[in-house]
Amino acid sequence: MTDVHKTAIVSNCEIGSGVFIGAGCLVGEPAENRDTWPETLFGVEIQDGAILAKLVTVDAGTIQKTVIGKRTMLMAHSHIGHDAIIGDDVTIACGAKIGGFVEIGKGANIGLNAVIHPRVKIAPFAMIGAGAVVTKTADVKPFGIWAGNPAKFLKFNQRAVEKFGLTPEQVTKIQEDWLNLQKEKI
């Protein structure tokens, strides 16, 4: 059953089943983009089982829908910019700010008050530390743990492997698929 708090403002939004949208959330309003303000060109899609805790904001898209993946959790005061694609099983902690056109892969974890610069790609199962600032120059690969300002690679994210029950073969395949996808985009 989908539950939208009575104080949430939701517009231009497709909502899947089992979604929770908490108090004071603002979803589907026009993107904070000078070129399109105040029009809403594309909406927001919130997929099955996603949780938006209190005071979360999600901007509508300007060239595509902004997407919140299945079973993703957006904690209090987090912001998702226009045209962002947030994968399945992602956790975005309190106060994190996700810029426009950002792509976050399945199972990634974005720490408290982290900032992801617009147009950055966060690979599947990566972890971004609390307060980190991920700029356009970062190459966030699958299973990497990144922290600092600007964010730098620290180590392999073994916790994600354990949390999602991945085999070494699955980890290798995810890493290879990511590298191949990035090569195709060049």
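This structure is a prediction, so every number in the text was calculated from the model and none was measured. (Residues numbered from 1 in each chain as written. Predicted model: local features only at pLDDT ≥ 70, side-chain atom pairs only at ≥ 80, totals over all residues. Heavy atoms only, no water.)

Trainee: It is not clear to me how the packing of aromatic side chains should be interpreted in this structure. Could you clarify?
Mentor: Think of a pair of aromatic rings as described by two things: how far the centres are apart, and how the planes are tilted against each other in angle. Applying the stated criterion across every chain yields a total of four aromatic pairs. Centre to centre, the rings of phenylalanine 125 and phenylalanine 164 are 5.1 Å apart; their planes meet at 70 degrees, and the pair counts as edge-to-face. Remark: phenylalanine 164 occurs in the loop between α1 (158-163) and α2 (168-184) and phenylalanine 125 occurs in the loop between β18 (121-122) and β19 (127-128); sequence separation between them is 39 residues. Residues tryptophan 146 and phenylalanine 153 carry aromatic rings whose centres are separated by 6.2 Å and whose planes lie at 75 degrees to one another, so their mutual orientation is edge-to-face. An aromatic cluster is defined as three or more aromatic residues linked by ring pairs; in this entry it consists of Phe125, Phe143, Phe156 and Phe164. A cation sits over an aromatic face here: arginine 119 above phenylalanine 101, 4.0 Å from the ring centre. (Phe/Tyr/Trp six-rings, centres within 6.5 Å; stacked < 30°, edge-to-face > 60°. Helix = DSSP H or I, 4+ residues; strand = E, 2+ residues; numbered from the N terminus. Lys NZ or Arg CZ within 6 Å of the ring centre and 35° of its normal.)

Trainee: In this structure, what is going on with the side chain of histidine 79? I would like to understand it.
Mentor: Note that histidine 79 resides in strand β11 (residues 79-80). Within the structure, histidine 79 has its side chain in polar contact with the side chain of threonine 57 (distance 2.6 Å). In this structure histidine 79 touches Glu32, Thr57, Asp59, Ala96, Lys97 and Ile98, once residues within four positions along its chain are discounted. (Polar contact = N/O pair within 3.5 Å; in protein donor to acceptor, adjacent residues only side chain to side chain. Contact = heavy atoms within 4.5 Å.)

Trainee: Can you walk me through α2 in this structure?
Mentor: Look at α2: 24 Å from first C-alpha to last across 17 residues, which is about the 24 Å you get at 1.5 Å a residue. Along α2, the residues that are buried comprise Val171, Ile174 and Trp178. Taken end-on, α2 shows its buried residues confined to a sector of 65 degrees, consistent with a single buried face. Across α2 from its buried face, at more than 90 degrees, point the exposed residues Pro168, Glu169, Lys183 and Glu184. (Expected span 1.5 Å × (residues − 1). Buried < 20%, exposed > 50% of the residue type's maximum accessible area, 1.4 Å probe, protein only. Arc of directions from axis to C-beta.)

Purely geometric stuff here, so don't read any function into it on its own.
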